[in-house]
Structure formats: structure tokens, C-alpha cells
Amino acid sequence: MQLPDWLKKEEQYIPDKDRDYFISRSFLRITGILARYEAAAPFLPDRLCPSPMAAMLFLLLLLLLIVTSSQPYFLYTVAALLLALLALQDGRRISRLLLPSLLAALFSLVILLPAILMTANPLTLLLPVKTFLTVLASGIFTGLYPWNRITAAISWFHVPQLAIFILDTALRYIYLLGSLSREFLTALQLRSIGKNRQKSKAMAGVVGNLFLKSQEMSQEMYHAMQCRGFTGTYPHSHQRAWQPADMVLLLTATALLFIYLRLEMLL
């Protein structure tokens with residue numbers, strides 16, 4: 001049997017060039033967000049790391065002192081403490097913490113620029129420094145513990161269990177749906193051949209599949225909660241409320257409070 005000429009003809013298909021900037025940009029953005037949720041090893045050993053409850057109390061006290069302070073020397077003391085903690089971490093984590101802190105301080109400086117030019121109040125210049133310190137302190141705290149330990153520590157403060165459930169579920173689903181969207185974008189990019197003039201239709205398929213998958217996951221979680229007899233409570237008896245390393249936080253908080261009161265001339 002002889003094959004026809006059109007079947008024996010060699011074809012050289014060269015697809016037209018197309019820009020996939022939106023897909024690549026979305027992929028990189030989702031990957032960057034997921035990298036923040038992935039569990040990273042803490043920069044302190046577990047035996048030296050204080051309990052999440054004590055660290056949260058220390059963070060709240062520190063933020064209160066930073067916001068209410070009117071003395072730059074106290075802010076310099078807090079900055080030295082935070083930078084010392086920052087120096088214990090690796091370079092990638094340092095850049096991840098410093099970049100949003102500097103951007104927040106720069107943004108507050110731009111917002112306060114008219115007030116700085118029109119008034120000669122020196123306290124106005126302290127606001128960008130306070131913004132930098134509060135964002136940096138919060139970033140260091142969130143880098144010490146995974147999200148599940150932080151949400152478990154919130155329950156010690158008698159926060160309603162429904163609020164903890166919503167927060168914990170939202171964080172988990174952000175990571176899960178982000179992973180699914182990353183897989184969908186990868187599949188779309190690998191299957192894209194030639195020039196696609198209807199990119200919105202392709203992205204609509206990704207969003208639609210993501211919505212259906214999220215609905216399916218919510219139904220599965222609901223049935224799993226029913227089968228396990230979930231009552232909406234988060235028991236935290238397996239976690240120790242206090243650890244020996246909390247004494248260091250207590251001494252540090254006492255020293256900062258003494259310096260704060262001394263500089264504010266309350267003693």
C-alpha cells in the first residue's frame with residue numbers, strides 16, 4: 001500500500017511568538033506568596049524558643065511601648081534589640097523581613113511629608129521609625145512559630161473559638177488553593193502552543209476550575225468534621241503555657257519597661 005504524497009510530506013510547524021507575561025507574572029506572584037506560608041526552620045532552637053503565649057504577650061507590650069513612646073532613645077534601644085535578633089537569621093530571611101519594614105517606613109514618611117514640612121514638631125519624625133519597628137517586630141514574631149502554634153496561642157486569650165476557626169481555616173485554604181492555582185497555571189503554560197488571542201478565556205477556565213475545586217474541598221472538610229464529631233473547640237492541653245526560656249522575655253520586658261518609664265520621666 002502506497003501512502004499518499006500529502007502524508008509523506010514533512011511538516012515544519014513553527015508557532016507564532018506569543019507573550020505569556022500575565023501567566024508568568026501570576027505564577028511568580030503565587031509562588032512568592034506560598035513561600036511565606038511554607039514552614040521554615042526557626043532561627044532559634046526549640047529549647048531556646050519561648051512559648052508562643054509569652055512571645056505574644058511580649059509583642060503586645062513592645063508594640064504598646066513603641067507606639068506611646070515620645071523619646072527617640074527608647075526607640076533606638078528597641079531597634080538595637082530587634083536588629084540583634086535579626087542578625088541571628090540567614091540572609092534570605094533578613095531580606096524578607098527588612099524589605100516590608102523599610103517599605104512601610106518609607107510609605108509613612110511620604111504620607112507625613114507635608115506635616116514635616118509645615119510643622120516643626122520633632123515627634124512627627126518618629127512615626128516612620130515606629131512604623132519600621134512595629135512591622136519588624138511583628139515579622140520576627142511570625143517567623144518564630146508556624147501558623148498553627150500562633151492560632152493555638154490565641155486561644156489562651158479567650159478569643160472566641162469561631163474566630164480562631166475562621167482564621168485557621170482561611171490560612172490553610174490560602175495555601176491549598178494557592179498550590180492548586182500554581183499547578184493550574186503550570187499546566188496551562190505547558191499546554192499553550194502557538195499564539196492565543198483569547199487569553200481571558202484560558203484564565204477563566206483556570207479560575208472556574210479553582211472555584212469548583214474549592215467548593216469540593218469545602219464539602220469534603222464539612223463531611224470530615226461531621227464524621228470526627230468536631231465541636232468547634234481547639235484544645236491546647238498538649239502545649240505548655242510557659243517554658244524556661246520565657247524568663248528571658250520577662251527580664252527583657254522588665255528592662256524595657258524600666259527604660260521607658262525612666263525616659264518618660266515617670267519615675
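Note that the coordinates shown come from a computational prediction; the quantities given were computed from them, not determined experimentally.

We now examine the overall build of the protein. In terms of helices and strands, the protein carries ten helices and zero strands. Along the protein, helices (α) and strands (β) appear in the sequence α-α-α-α-α-α-α-α-α-α when read from the amino end. Accessible area of the protein: about 18,400 Å², with a carbon and sulfur share of 67%.

In terms of nonpolar packing, the biggest core is built from 34 residues, with Leu62, Val78, Leu82 and Leu133 touching the most fellow members. Listing elements by their share of this core, those giving two or more residues are α3 (52-68), α4 (72-86), α5 (91-118), α6 (126-144), α7 (147-154) and α10 (246-263). Sequence-distant contacts of Leu82, defined by excluding residues within four places in its chain, comprise Leu62, Leu133, Leu136, Ala137 and Ile140.

In this section: the packing of aromatic side chains. Counted under the stated rule, the structure contains two aromatic pairs. Both rings, one in Tyr73 and one in Tyr76, keep their centres 6.1 Å apart while their planes meet at 85°; by these two values the pair is edge-to-face. Within this pair, Tyr73 and its partner Tyr76 are both found in helix α4, separated by three residues, close to a single helical turn. On the basis of relative accessibility, which here comes to 51%, the residue Tyr76 falls in the exposed class.

The next thing to look at is α4. Taking 1.5 Å as the rise per residue, α4 with 15 residues should run 21 Å; its terminal C-alpha atoms sit 20 Å apart, in good agreement. Along α4, the residues that are buried comprise Phe74, Leu75, Val78, Ala79, Leu82 and Leu86. Mapping the buried residues of α4 onto a view down its axis gives an arc of 140°, with all of them on the same face. Set apart from the buried face of α4 by more than 90 degrees, the exposed residues are Tyr73 and Tyr76.

For the protein, the average pLDDT comes to 78, and 76% of its residues sit at 70 or higher. By mean pLDDT, the top-scoring element of the protein is α4 (90), and the lowest-scoring one is helix α2 (residues 21-37) (64).

On to the environment of Asn209, then. Structurally, Asn209 is set in helix α9 (residues 199-227). Residue Asn209 is classed as partly exposed on the basis of its relative accessible area of 43%. In this structure, the C-alpha to C-alpha distance between Asn209 and Leu180, residues 29 residues apart in sequence, is 9.5 Å.

What follows concerns the packing of α4 against α6. Packing of α4 against α6 brings their axes to within 10 Å, and their N-to-C directions diverge by 30°. On the basis of the axis angle, α4 is roughly parallel to α6. Of the two possible hands of crossing, α4 and α6 adopt the one that is left-handed. Contacts from Pro72, Leu75, Val78, Ala79, Leu82, Leu83, Leu85 and Leu86 in α4 reach Leu126, Val129, Lys130, Leu133, Leu136, Ala137 and Ile140 in α6. Taken together, the residues of the contact of α4 with α6 break down into 14 nonpolar, no polar and one charged.

The description of two helices packed together rests on the angle between their axes and the distance between the axes. In contact at an axis separation of 10 Å, α3 and α4 are set at 145° when each is read in the N-to-C sense. Crossing angle aside, the handedness with which α3 passes α4 is left-handed. Contact with α3, carried on its side by Phe58, Leu62, Leu65 and Ile66, involves Phe74, Leu75, Val78, Leu81 and Leu82 of α4 and no other residues of that element. Its residues placed into classes, the contact of α3 with α4 shows nine nonpolar, no polar and no charged.

Turning our attention to α3. Here α3 contains 17 residues, and its C-alpha end-to-end distance of 24 Å stays within 8% of the 24 Å for a straight helix at 1.5 Å per residue. For α3, the full list of buried residues reads Pro52, Met53, Ala54, Ala55, Met56, Phe58, Leu59, Leu62, Leu65 and Ile66. Next to the buried residues of α3 lie α4, α6, α7 and α10.

Attention now goes to a nonpolar patch on the surface. On the surface, Leu99, Leu103, Leu106, Leu109 and Val110 cluster together into a nonpolar patch covering about 470 Å² of accessible area. Residue placement: Val110 occurs in helix α5. Owing to a relative accessible area of 52%, Val110 belongs among the exposed residues under this scheme.

By the element assignment, Ser108 lies in helix α5. For Ser108, a relative accessible area of 13% puts it in the buried group. Each C-alpha atom, one on Ser108 and one on Leu127, is 7.4 Å from the other, the two residues being 19 residues apart in sequence. Filtering out sequence-adjacent residues up to four positions away, Ser108 remains in contact with Leu127, Pro128 and Thr131.

About the thresholds
- Residues numbered from 1 in each chain as written.
- Predicted model: local features only at pLDDT ≥ 70, side-chain atom pairs only at ≥ 80, totals over all residues.
- Heavy atoms only, no water.
- Helix = DSSP H or I, 4+ residues; strand = E, 2+ residues; numbered from the N terminus.
- Areas by Shrake-Rupley, 256 points an atom, 1.4 Å probe, with all protein chains shown as cover.
- Core = buried A, V, L, I, M, F, W, Y, C linked by side-chain atoms within 4.5 Å.
- Buried < 20%, exposed > 50% of the residue type's maximum accessible area, 1.4 Å probe, protein only.
- Contact = heavy atoms within 4.5 Å.
- Phe/Tyr/Trp six-rings, centres within 6.5 Å; stacked < 30°, edge-to-face > 60°.
- Expected span 1.5 Å × (residues − 1).
- Arc of directions from axis to C-beta.
- pLDDT = per-residue confidence, 0-100.
- Axes fitted to C-alpha atoms, helices over the stretch in contact; angles between N-to-C directions.
- Parallel < 35°, antiparallel > 145°, perpendicular 65-115°, else oblique.
- Left-handed = near helix turned anticlockwise from the far one by under 90°.
- Nonpolar A, V, L, I, M, F, W, Y, C, P; charged D, E, K, R; others polar.
- Patch = residues over 30% accessible without salt bridge, like charges linked within 9 Å, V, L, I, M, F, W, Y side chains within 5 Å.
- Salt bridge = Lys/Arg side-chain N within 4 Å of Asp/Glu carboxyl O.

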